[in-house]
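# Notes for the structure review
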Amino acid sequence: MKKILITGGAGYIGSHTAVELWNAGLEPIILDDLSNSHAQVLQRLKEITGKSFSFYKGDCNDRVVLDQISREHDIAGVIHFAAFKAVGESTIKPLDYYKNNLGSLLVLLEYMRDKGIKDLVFSSSCTVYGQPDQLPVTETTPRKEAESPYGNTKKIGEDILLDYVKSKPGIRIIALRYFNPVGAHPSGKIGELPIGIPQNLVPFITQTAAGIREKLVVFGDDYDTSDGSCIRDYIHVVDLANAHGKALAYLFSQELNFFDVFNVGTGKGNTVLEVIRSFESVTGLKLNYEIGPRRAGDVIKTWADTRKINNVLGWHAKYTLDDCMRDSWRWQQTLTSKDLPT
Ligand code: NAD
Ligand code: WQD
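Residues numbered from 1 in each chain as written. Chains lettered and ligands numbered in written order. Predicted model: local features only at pLDDT ≥ 70, side-chain atom pairs only at ≥ 80, totals over all residues. Heavy atoms only, no water.

### Structural notes on the environment of Phe 179
Put simply, the rule reads: By the criteria applied, helices consist of DSSP H or I runs no shorter than four residues and strands consist of E runs no shorter than two, each listed in order from the N terminus. Contact criterion: two residues are considered in contact whenever any of their non-hydrogen atoms come within 4.5 Å of each other.
Looking at the secondary structure, you find Phe 179 in the loop between strand E6 (172–178) and strand E7 (180–182). Linking Phe 179 and His 244, residues 65 residues apart in sequence, is a C-alpha distance of 14 Å. Discounting residues that sit within four places of it in the chain, Phe 179 has contacts with Cys 126, Tyr 129, Val 137, Asp 233, Ile 235, Asn 263, Val 264, Gly 265, Thr 302, Trp 303 and Ala 304.

### A word on the site of ligand 1
Defined as follows: Residues are labelled near a given molecule or strand when at least one of their non-hydrogen atoms is within 4 Å of it. Definition of a polar contact: a pair of N or O atoms within 3.5 Å, with one able to donate and the other able to accept a hydrogen when the atoms are protein atoms, and with sequence-neighbouring residues admitted only if both atoms are side-chain atoms. Note that accessible areas follow from Shrake-Rupley with a 1.4 Å probe, and for residues the cover is restricted to the protein chains shown. Only Asp, Glu, Lys and Arg are considered charged in this grouping, and only Ala, Val, Leu, Ile, Met, Phe, Trp, Tyr, Cys and Pro are considered nonpolar; every other residue, Gly among them, is considered polar.
Ligand 1 sits among 27 residues. The nearest are Asp 32, Asn 36, Ser 37, Asn 100 and Tyr 150. Between an oxygen atom of ligand 1 and a main-chain N or O atom of Gly 11, the distance comes to 3.3 Å. Contacts to ligand 1 include Ile 13, whose backbone N or O atom sits 2.8 Å from an oxygen atom. For ligand 1, whose free accessible area comes to 820 Å², the fraction covered by protein is 95%. Elements with a contribution of two residues or more to the shell around ligand 1: helix H1 (12–23), strand E5 (119–125) and helix H6 (149–166). Tallying contributions element by element places E5 first for the shell around ligand 1, with three residues. Taken together, the residues that form the shell around ligand 1 break down as 11 nonpolar, 11 polar and five charged.

### What about the site of ligand 2?
Near ligand 2 you find 18 residues, and of these Ser 125, Tyr 150, Val 217, Arg 232 and Asp 298 are the closest. In the model, an oxygen atom of ligand 2 is placed 2.9 Å from a nitrogen or oxygen of the Leu 201 main chain. A total of 690 Å² of accessible area belongs to ligand 2 in isolation, and the protein chains cover 86% of it. Here the shell around ligand 2 takes four residues from strand E8 (residues 216–219), the largest share from any one element. Looking at the shell around ligand 2 residue by residue, the classes come out as 10 nonpolar, five polar and three charged.

### What to know about the nonpolar core
So the rule is basically this: Take the buried Ala, Val, Leu, Ile, Met, Phe, Trp, Tyr and Cys residues and link them wherever side-chain atoms come within 4.5 Å; each set so joined is a nonpolar core. Categorising residues by exposure relies on relative accessible area from a 1.4 Å probe, with only protein chains included: less than 20% of the type maximum marks a residue as buried, more than 50% marks it as exposed, and the intermediate range marks it as partly exposed.
Among the nonpolar cores identified, the biggest contains 36 residues, and Leu 45, Ile 174, Leu 176 and Val 264 are the most heavily contacted of them. The leading source of residues in this core is helix H8 (residues 237–252), at seven residues. Non-local contacts of Val 264, meaning those with residues more than four positions away in its chain, are made with Leu 176, Arg 177, Tyr 178, Phe 179, Ile 235, Leu 240, Ala 243, Ile 309 and Trp 315. Counting residues in each nonpolar core, the second largest holds 27 residues, with Ile 75, Val 78, Leu 105 and Leu 108 among its members.

### A short note on unusual backbone geometry
Outside of glycine, negative phi angles account for most residues, and trans bonds account for most peptide bonds. The peptide bond linking Leu 135 to Pro 136 adopts the cis configuration, its omega dihedral lying at -5°. Position of Pro 136 among the secondary structure elements: in the loop between E5 and H6. We note that Lys 168 has phi near 55°; this positive angle belongs to a residue other than glycine. Within the secondary structure layout, Lys 168 lies in the loop between H6 and E6. Its identity as a non-glycine residue notwithstanding, Asn 257 has a phi of 65°, on the positive side. Inspection of the secondary structure assignment puts Asn 257 in the loop between H8 and strand E11 (258–264).

So far we have only geometry, and geometry alone does not tell us how the molecule works.
Written as structure tokens, this is what we have:
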């Protein structure tokens, strides 16, 4: 069984990817400094898969821990999730974001070069497109100037990878541009652990329904959309996780010095009010929300053209928005009942 190093593998998307890799016949080896996750996730992964994954608590910027992993495992490929991801915080601590998100990428590339590891999947984001001029967004849609240091780390990260591949180092790389990951594992055992007040829509909805937040404010209903609220492409985290296994399988079959990017979304946009209605219909709850002012700098509408990933990687999103809401709510209820810290 091929062993895949997952940096940031205890986090939201990384933990779901560990499960999906295992289901696809690949063995995850997890590296995480637990700066935004909890060690209890490892036990949850064992409950889901029946397998105790190798786990290293360490910083991806630390070459010593990476070398230790390679002494103990024959690593066939890497998925690089480890990064800070809070957009607002990145404007307050830009250096922390550039250092962690880009420093870890550089250390990882040098490590892969020295150990002869050839395959890398990089977590990029639809944030690189900003507010696109054309919809749906294809992979050739021009990237826009980043709105935040966080977004810039994704854009620069992609540029570093492309420049590196052009130097013909004998590596193969896919950057996956995630749209809006939501939902949780259907088992209710793993999901997103937002720290403090959630900045993202779905955790804010579920915390409001759970009584942790008083009400959700919808950031504007006077945009040029069907109901006036903003549009996003919400992708279930299990579908997203599954795309990483497909990306690796594809990389393994390519010539060396390969680089490509793929959108990962459903291909469908939903407004904020549609998300709320979906949540209310699957849970039977009435959400306390009100329409508020627009959020400065918000993207008005974006959703993915998924034909490339559908056709080239043979990947398709299976879960619906209702599934996303059902699984997010199940996860929220386990959080409010005890165990994992919020
Ligand atoms: P997350 O914070 O849940 O997971 C990231 C994990 O990386 C955490 O467990 C954290 O402890 C760990 N980590 C951070 N820096 C590290 C370091 N230097 N060394 C080792 N571990 C480190 O975030 P997520 O939502 O799972 O995001 C995963 C990746 O996907 C990130 O690169 C993020 O930028 C990207 N992404 C996320 C979204 C989203 O909306 N969640 C959208 C697009 C892209
Ligand atoms: C979704 C929609 C809000 C909260 C983030 C990151 C971006 C990328 C994708 C990582 C918007 C509305 C939200 C609330 C609301 N992530 N909303 N009330 O804006 O797509 O961006 O995820 O790479 O970098 O910034 O996601 O969840 O913040 O917002 O009305 O309390 O929900 O206006 O339309 P977004 P989001």
